[in-house]
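Each chain is listed here by its residues.
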Amino acid sequence: MHVVELRTIQGPSVFHHRPVLVLTLDLEDLAETPSHRLPGLAERLLALLPGLTEHGCSRGHPGGLVERLREGTYLGHVVEHVAIELSHRAGLGVNFGKTVAAGPPGRYEVVVRFLAEEAMTHLLREAVDLVRMALEGAAPDALANRRDAALEEARRRAREEALGPTAQAIVRAAERRDLPWERVGDGLVLLGQGARLRWVASSIAHDTRAVAVDVSVDKALTKALLRRANVPVPRGVVVSTPEAAREALATLGAPLVVKPVDGHHGKGVTLGVRAPEDMDEAFEAASARGSDVVIEEQVEGRDYRVLVVGGRMVAASLRLPAQVTGDGRRTIAALVDAVNADPARGEGHAAALTRIALDEAALRDLRRRGLGPDSVPAAGEVVLVRDTANLSTGGTARDVTDQVHPGVRALCERAARVIGLDVAGVDLVAPDIALSPGALPPGGCAVIEVNAAPGLRMHHHPSEGEPRDAGAAVVELMYPAGTTGRIPIAAITGTNGKTTVTRLTAQMVAQQGVTVGMTTSTGVFVGGERVSEGDCAGPRSARAVLCDPAVEVAVLETARGGILRGGLAYDWSTVGVITNVHPDHLGQDGLESLEDLLHVKALVAERVREGGAIVLGADDPILARLPGEPRLRRLRRELVWVTMEPERPLVRRHLAGGGRACLLRDGWLVEASDGREERVVRAADVPLSFGGTAEFQVQNALFALAAARALGASREDCAAGLRAFDVRRDNAGRANLYDVDGVAVLVDYGHNPEAFRAVGRMVSRWEVARAACVASAPGDRADWLIEECGRVLGRAFSRVIVREDEDRRGRPSGVVARLLREGVQRAAPGRECQVLLEEQAAVEQALRDARPGDLVVVFYERLELVQDVLRARGARAVAAPPRRRGAA
């Protein structure tokens, strides 16, 4: 067996509403071999991972997986459970897995949840290798060694990719506010969507001023600004040579603090410098980063960190240096090991506390006290391992927020204001933070630093005292109470019509004067301008819209393929539209029936947020059953039916119960609710309806009307948007009409039986001499579906020219054309049917054969090619179709 691919789905999908990994596994010659026919496999895996005995599997009770292994289950399912058990042992907390058939026999998709993507990706691949090794009869020691190495690597990756405690605090606060968030790169977190998007990196907020951050990094400049504002700061100088450092010692007097001018996390800081030789060592440590060195008087007192967010103090901590307490027996090194054994301590910023490191800085501080790692402190003796009180060097914090004197609060808030930081960590030294600064002698209280990007860990996880929700304060700075980070989102799916419905919806919503971001199968548009070309109806393009700060409303065409491959780009939408579910794509991606297709497309409806609207086509029998499904009844959402048949019993019952519908009545697009019907626009006045003859376009307009109204557009805006919709400009490639020397030419993207049928019904209402078409079908459709396309074309057109797509999607040349031609001949024996495989040749032949008064419908693959042919023939775009049959 081998791995075909492994992909990540970040958003809601048909598998799960949280992020999942999908591993496509080809079992090859083991495709038909269940586990009970593989001697020793179950025994080896259970010995390797005893926790598998607790897996309930589909049986729903512990031991269910063991039963399945012994009765016979396929290897994809085995890999799934091995991966989940490995995640348990690695501490990754994965509990969801699923294995489904994926197309060809023996190919499966193994799906697992993840919290740490890189770590779980590693374990999923390792699960495949462990099962393979077990199949090959590997020795227990070899299996165990591979398992242990996999677990260790997974833990390492999980540590590396975990959000730091500050980012975690902000993200958790955002989740409580129902704000969508996404991590980008190592340190950046995006909150919200579109015009309400905010960035945060550590605790640097979206509107934190870059110049203020630069100022805060320069310790000397920070002090200069604070001193100008009469904020008390220690006296000091900036030096760049050891000689100048010694001179500063003589001038300022001991004790002194020596630190890099642009340092952070206490790195290179030395306290209590008194002697010239100590100054030399301190200068060397501070200048190791290649920067100038700040030398300042040491203010005696306690070390406090005061967090100021949005101009107000939100938390305060007393910081204590890394220390150990002697027992008269153990060395300092042994005591440090004992402290580091605390589960609350970890490497770097990964845990609530940082492990104490006996690094060069710690050894230097110990030497100045006449101690070393092998020294044995007396029982009860407290030994400071580091002079500085930073948490990043192993220090601890005690919450003192409730003890802060109002004068100290005002002093710290002013310091942050002077430096210009909206999120600031003010380092303060004072005898007691509860005392008024005015009651202290000069120099008794001083601001030491004002830091950008202050860590929030000490406030959320104090060693003593009450935790403070500093993350919530940072989130509220960006999203004040009562505001949201979400923009209105409409997601539109269905077999046919979704591109046109998307474009119409965007047009109507834009009438409100808002900037609309739109994804379609022909590109991405922001404010009406194309920003990307190509088929952009998947999640990647939707994310591009949702992360654009100009976008105030998003209207997203959401195709089946994108849902299956990448899920949705959002967690919740405001409106979900399903136009119809017709036979197309069957035989692909494991989809064998309309119910399978509905299961995929229904995700768009399922992920409409509470209070939003689900818009469904009442004229589609399979959609008429959808609202009764349990997964759509979990949340309270408005259901809006769309119908061309206003007397349909389903719609009448819905309206009688107080529901809403958009329908066609007496030639008008109507919105019905609360026992009233409001006319919006005449169908004949909507340009793309071709005077009302294009029923499928009228229905598309109704879907768009329902979506736009659910997004807040007024009926007047909707009417204006529909009337102003230019078929060629706003709906290129969808039912575009041209005149070529008296021959009407319709260009459309139809490629399945229902689309061909809808266009055929439309042109049957036009007064034309003969109606011919140029058509093909995608090669990855089932044979019967391609033949059905031929049957529909044969019944709808007097002449059919069959071509093939340039992208035959795995079919040999000529096969699709043969199937189409057979369908035409079966439906209409004797119907003129010509095969010209190349698209340009087929279109040119159809135009050569046509006479004035005829109609040629071109169902294209490459729109630009068809447009080039038409330009070469002098085609003229027209808005009105040939006269309607029976019209006077």
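Keep in mind it's a predicted model, so treat the numbers as computed, not measured.

Chemist: Honestly, the overall build of the protein chain in this entry has me stumped. Any pointers?
Modeler: Counting secondary structure elements, the protein chain contains 29 helices and 38 strands. Taken along the three principal axes of its C-alpha coordinates, the protein chain extends 110 × 70 × 55 Å. Expressed as a percentage of its 888 residues, the buried residues of the protein chain come to 54%. The long-range share in the protein chain, meaning contacts at least 24 apart out of those at least 6 apart in sequence, stands at 69%. For the protein chain, the centre of its 111 positive side-chain charges and the centre of its 118 negative side-chain charges are spaced 4 Å apart.

Chemist: Looking at this structure, I do not really get the pairing of strand 13 (residues 312-320). What am I missing?
Modeler: Look at any regular strand and the pattern is simple: side chains alternate between the two faces of the sheet. The element strand 13 is largely enclosed, with a buried count of seven among its nine residues. As judged from the four bridges shared by strand 13 and strand 18 (residues 396-399), these two strands associate in the antiparallel manner. By the bridge assignment for strand 18, Arg-319 is matched with Ala-397.

Chemist: Sorry, what's going on with the sheet that holds strand 23 (residues 523-526) here?
Modeler: Note: strands within a sheet are paired through backbone hydrogen bonds, in either parallel or antiparallel orientation. One open sheet holds the eleven strands; their spatial order is 24-23-22-25-21-26-27-28-29-30-31, and the pairing between them is mixed. Every other strand in the sheet has two partners, leaving strand 24 (529-533) and strand 31 (676-682) as the edge strands with one partner each. Here the average twist between neighbouring strands, direction ignored, is 15°. In this sheet, strand 24 lies alongside strand 23 in antiparallel orientation, the contact comprising four bridges. Of the residues in strand 24, the one forming a bridge with Phe-525 is Arg-530.

Chemist: In this structure, what is going on with the nonpolar core? I would like to understand it.
Modeler: One recurring pattern in soluble globular proteins is that nonpolar side chains are buried together. In this structure, Leu-75 and Met-120 are the most contacted members of the largest nonpolar core, which totals 50 residues. Of all the elements in the fold, those that place two or more residues in this core are strand 2 (20-26), helix 1 (41-48), helix 2 (64-71), helix 3 (75-90), strand 4 (107-113), helix 4 (117-135) and helix 5 (140-161). Considering every element that reaches this core, the biggest residue donor is helix 4, with ten residues. For Leu-75, the residues in contact, after removing those within four places along its chain, are Met-1, Leu-27, Leu-30, Leu-38, Leu-41, Val-131 and Leu-135. Listed in part, the 49 residues of the second largest apolar core include Ile-9, Ile-489, Leu-623 and Leu-639.

Chemist: How should I be thinking about the sheet that holds strand 7 (residues 198-201) in this particular structure?
Modeler: Within the open sheet, the three strands sit side by side as 5-6-7. Their pairing is antiparallel. Strands with a single pairing partner mark the edges of an open sheet, and in this sheet they are strand 5 (181-184) and strand 7. Within the sheet, the average angular offset between the axes of one strand and its neighbour, ignoring direction, is 25°. In the sheet, strand 5 pairs with strand 6 (residues 188-191) via four bridges, with the strands oriented antiparallel. If you follow Glu-182 over to strand 6, its bridge partner there is Leu-190.

Chemist: Mind showing me how you'd approach empty space enclosed by the protein here?
Modeler: If a probe as big as a water molecule is rolled over the atoms, it shows which places are left empty. Counted under the stated rule, the structure contains three cavities of 30 Å³ or more. What the largest cavity holds in volume is close to 60 Å³. If you trace the largest cavity, you find it lined by Ala-537, Gly-538, Pro-539, Ala-542, Leu-556, Glu-557, Thr-558, Gly-567, Leu-568, Ala-569 and Tyr-570. Elements with a contribution of two residues or more to the lining of the largest cavity: helix 17 (539-546) and strand 25 (553-557). Tallied by class, the residues present in the lining of the largest cavity amount to seven nonpolar, three polar and one charged. The volume enclosed by the second largest cavity comes to roughly 50 Å³. Contributing to the lining of the second largest cavity are Ser-216, Lys-219, Thr-222, Lys-223, Leu-226, Ile-448, Glu-449 and Val-450. Breaking the lining of the second largest cavity down by element, the ones donating at least two residues are helix 8 (219-228) and strand 20 (446-451).

Chemist: What is the right way to look at the pattern of salt bridges in this model?
Modeler: Pairing is possible between side chains of opposite charge, provided their charged atoms come close. The tally for this structure, following the rule as stated, stands at 81 salt bridges. Salt-bridge contacts for Arg-319 lead to Asp-427; the nearest nitrogen and oxygen are separated by 3.4 Å. With Arg-319 in strand 13 and Asp-427 in strand 19 (residues 423-430), this residue pair connects regions lying 108 residues apart in the sequence. The exposure class of Asp-427 is buried, given its relative accessible area of 7%. Of the charged contacts in the structure, one is a salt bridge between Asp-387 and Arg-369, with a shortest N-O distance of 2.0 Å. Here the residue Asp-387 occupies a position in the loop between strand 17 (382-384) and strand 18, and Arg-369 occupies one in the loop between helix 12 (360-368) and strand 17, the gap between them amounting to 18 residues. Assessed through its relative accessible area of 33%, Arg-369 is described here as partly exposed. Connected through shared salt-bridge partners, Glu-754, Arg-757, Arg-761, Glu-787, Glu-788, Arg-791, Arg-795, Arg-818, Glu-822 and Arg-826 make up one network.

Chemist: Hey, could you run me through the packing of helix 16 (residues 498-510) against helix 22 (residues 695-710) in this one?
Modeler: The relative placement of two packed helices is expressed as an angle between their axes plus a distance between the axes. Remark: helix 16 packs on helix 22, axes separated minimally by 8 Å, with the N-to-C direction vectors making an angle of 45°. Here helix 16 lies oblique to helix 22, going by the angle between them. For the crossing formed where helix 16 meets helix 22, the hand is right-handed. Seen from helix 16, the contacting residues are Thr-500, Val-501, Leu-504, Thr-505, Met-508 and Val-509; seen from helix 22, they are Gln-697, Asn-700, Ala-701, Phe-703, Ala-704, Leu-705, Ala-707 and Ala-708. When grouped by side-chain class, the residues that make up the contact of helix 16 with helix 22 number ten nonpolar, four polar and no charged.

Basis of the calculations
Sequence order sets the numbering: in each chain, residues are counted from 1 along the sequence as written. Given that this is a predicted model, residues contribute local features only at a pLDDT of at least 70 and side-chain atom pairs are listed and counted only at 80 or more, while totals for whole chains, interfaces and linings are drawn from all residues. Calculated side-chain values reflect all of the structure's heavy atoms, with hydrogen atoms and water omitted. Going along the chain from the N terminus, every DSSP run of H or I of four or more residues is numbered as a helix, and every run of E of two or more is numbered as a strand. We call a residue buried when its accessible area falls under 20% of the maximum for its residue type, exposed when it is over 50%, and partly exposed in between, using a 1.4 Å probe and counting protein chains only. When checking whether two residues touch, look at their non-hydrogen atoms; a contact exists if any pair is within 4.5 Å. Counting rule applied: Lys, Arg positive; Asp, Glu negative; His and chain ends not counted. Charge positions are represented by NZ for Lys, CZ for Arg, CG for Asp and CD for Glu. Here, strands pair whenever DSSP counts at least two bridges between them. For every element, the axis is a line fit to its C-alpha atoms; helices are fit only across the contacting stretch, and the angle between N-to-C directions ranges from 0 to 180 degrees. Among buried residues, those of type Ala, Val, Leu, Ile, Met, Phe, Trp, Tyr and Cys that are joined through side-chain atoms within 4.5 Å constitute a nonpolar core. In this analysis the probe radius is 1.4 Å and the grid spacing 1 Å, with only protein atoms considered; a cavity is a set of points the probe fits into but cannot get out of, a pocket is an open set with protein on both sides within 12 Å along at least five of seven lines, and lining residues have an atom within 4 Å of a point. Grid points are joined across faces, edges and corners, and a volume is the space filled by probe spheres set on the points. Throughout, the ten residues Ala, Val, Leu, Ile, Met, Phe, Trp, Tyr, Cys and Pro are labelled nonpolar, Asp, Glu, Lys and Arg are labelled charged, and all others, Gly among them, are labelled polar. By salt bridge we mean one thing: a side-chain nitrogen of Lys or Arg within 4 Å of a carboxyl oxygen of Asp or Glu. Oblique is the label for every angle not falling under 35 degrees (roughly parallel), over 145 degrees (roughly antiparallel), or within 65 to 115 degrees (roughly perpendicular). We call a crossing left-handed when the near helix sits turned anticlockwise from the far one by less than a right angle, and right-handed when that turn is clockwise.

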